[in-house]
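The primary structure of each chain is shown beneath.
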Amino acid sequence: MVAVTLPRAAAAMPRVLLTLALAGVAALVCERLRVPLAWTLGPLLSTALACSAGARLGMPTALRNGGQWAIGTALGLHFTPLVLQQLLRLAPALLAGVLWALLLGGLFYRLLWRRGGAPDRATAFFAGAIGSASEMAVLAERHGGRVDRVAAAHSLRVLLVVFTLPWGLQLAGFHPLQAPAGVHALTPALLALLCVLTLAGALVLRRLGTPNPWVLGALLVSLALTGSGVMPEAVLPQPMTNAAQLLIGVSLGTRFTPEFLHAAPRWLVTVALGSLGLLAASAGFAWLLAQVTGLLPAALLLGNSPGGMAEMCITAQVLQLGVPLVTAFHVTRYVAVLVLMGPLFTWSERRRLRRAARRASAPSGR
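Quick notes on the rules
Residues numbered from 1 in each chain as written. Predicted model: local features only at pLDDT ≥ 70, side-chain atom pairs only at ≥ 80, totals over all residues. Heavy atoms only, no water. Buried < 20%, exposed > 50% of the residue type's maximum accessible area, 1.4 Å probe, protein only. Helix = DSSP H or I, 4+ residues; strand = E, 2+ residues; numbered from the N terminus. Contact = heavy atoms within 4.5 Å. Phe/Tyr/Trp six-rings, centres within 6.5 Å; stacked < 30°, edge-to-face > 60°. Lys NZ or Arg CZ within 6 Å of the ring centre and 35° of its normal. Salt bridge = Lys/Arg side-chain N within 4 Å of Asp/Glu carboxyl O. Axes fitted to C-alpha atoms, helices over the stretch in contact; angles between N-to-C directions. Parallel < 35°, antiparallel > 145°, perpendicular 65-115°, else oblique. Left-handed = near helix turned anticlockwise from the far one by under 90°. Nonpolar A, V, L, I, M, F, W, Y, C, P; charged D, E, K, R; others polar.

## Examining helix α14 (residues 297-304)
- Taking burial as the measure, the eight residues of α14 include seven buried ones, the bulk of the element.
- Turning to α14, its buried residues number three or more, namely Ala298, Ala299, Leu300, Leu301, Leu302, Gly303 and Asn304.
- For α14, the elements touching its buried residues are α5 (91-115), α8 (147-171), α13 (265-293), α15 (309-319) and α16 (323-361).

## Quick notes on the packing of aromatic side chains
- One pass over the full model with this rule turns up six aromatic pairs.
- Considering the side-chain rings of Tyr109 and Phe125, the 5.3 Å spacing of their centres and the 70° angle between planes classify their relative orientation as edge-to-face. Here Tyr109 is found in helix α5, whereas its partner Phe125 is found in helix α6 (residues 121-128), with 16 residues between them in sequence. Each member of the pair Tyr109 and Phe125 is classed as buried.
- On the numbers, 5.3 Å between centres and 50° between planes, the contact of Phe126 with Phe345 is tilted. Of this pair, Phe126 sits in helix α6 while Phe345 is found in helix α16, placing the two residues 219 residues apart along the sequence.
- A relative accessible area of 0% means that Phe126 is categorised as buried.
- An aromatic cluster of three or more residues is present, and its members are Tyr109, Phe125, Phe126 and Phe345.
- The ring of Trp267 is capped by Arg149, whose NZ or CZ atom sits 5.5 Å from the centre of that ring.

## Notes on the pattern of salt bridges
- Taken as a whole and judged by the stated rule, the model has two salt bridges.
- The residue Arg146 makes a salt bridge to Asp148 at a minimum N-O spacing of 2.9 Å.
- For Arg352, the salt bridge goes to Glu349, with nearest N and O atoms at 2.8 Å. Placement of the pair is Arg352 and Glu349 together in helix α16, with a separation of three residues, close to one helical turn.
- Look at Arg352 and you get partly exposed, because its relative accessible area is 25%.

## A look at the packing of α13 against α14
- One can describe the packing of α13 onto α14 by two numbers: an axis separation of 8 Å at closest approach and a directional angle of 130°. Taken together, α13 and α14 sit at an angle that is classed as oblique. When the axes of α13 and α14 are compared, the crossing they make is right-handed. From α13, Leu279, Ser282, Ala283, Phe285, Ala286, Leu289, Ala290 and Thr293 reach across to α14, where they touch Pro297, Leu300, Leu301 and Asn304.
- Grouping the constituent residues of the contact of α13 with α14 by class yields nine nonpolar, three polar and no charged.

## Quick word on unusual backbone geometry
- Phi angles above zero are rare outside glycine, and Arg34 is one such case at about 60°.
- Given a relative accessible area of 69%, Arg34 falls into the exposed group.
- Non-glycine residue Leu37 carries a positive phi angle of around 55°.
- With respect to the secondary-structure elements, Leu37 resides in the loop between α1 (2-32) and α2 (38-52).
- Residue Leu37 is classed as buried on the basis of its relative accessible area of 5%.

## Points about the packing of α2 against α8
- The interhelical angle for the contact between α2 and α8, taken along N-to-C directions, is 140°, at an axis separation of 11 Å. Relative to α8, the element α2 is oriented oblique. Considering only the axes of α2 and α8, their crossing is left-handed. Here Thr40, Leu41, Leu44, Leu45 and Ala48 of α2 lie close against α8, whose contacting residues are Leu159, Val162, Phe163, Pro166 and Trp167.

By themselves, these observations are geometric and do not establish any function.
Listed below in structure tokens is the structure:
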């Protein structure tokens, strides 16, 4: 096994180094140009364009997992005891966010089914769900859907939201900020301890078969340490968070290939237009929820947008826009959608078949 794996790893190394070099240069250029979320958008766009043009770029799964682990660890450091007390009072808003995600998913499903040329209802249903691409693809396959169409829909939706939302917030006057006063970088000893414990948490959840263990495992451990007061309110070193953002951007950008763009153009156009419509609707929902709760509309938009959990939480961290709030919305939505989408599809299909049977058995009236 080792004799086979090592030559493969060595052969792939030039491609990995090229990918990381391209992503790093793009991130530095975007940072120089003051592009919002430079260390995510630069790598994402550069690798997506290169791969769509036929370049053979790639990155080992271990690096992508490392980026997710670092992001989960960084997010958990925002959950101080005071923040946790405040979040407990936001349960109604978090429930509203879950219901909103389910409503968006239902609307997107109908659009993809009626206008997108979906091959079957399962494909349209799980492609429209506002959830993680990998988990929704697994559910689609389990119910007879097309995994490739579902993965393409989620990748394109997240790319459009990740590209559009930071630019929109920057135009609205939000810019990358420094950490708040009183928040410092961890000492080397505390950083090493935090890394070991959060990595252990991620590995435990992976062993248990939990979806997205590298974000959730690290997040839960970091949150527990910070919320209990064991860890002080602090931030990870900037190079560490920049590297994590770069790896997240590359992992999304390298999903795009020439075949991706040429396959089912009607499907992709419908996904693109629908995603932008969902984002606009989410902005309206965030504004309404802000009027009721008194929370910052921009943070609520990040928390309830149809973007990915890691990408939206990264945006919140870079802009210092209610990171715990945004994280709480996305984690709650992630778990709810993961648990509910399978049963909801089964229920909707049974309901549809019962209606069809009643129509077939009804007298014609003649």
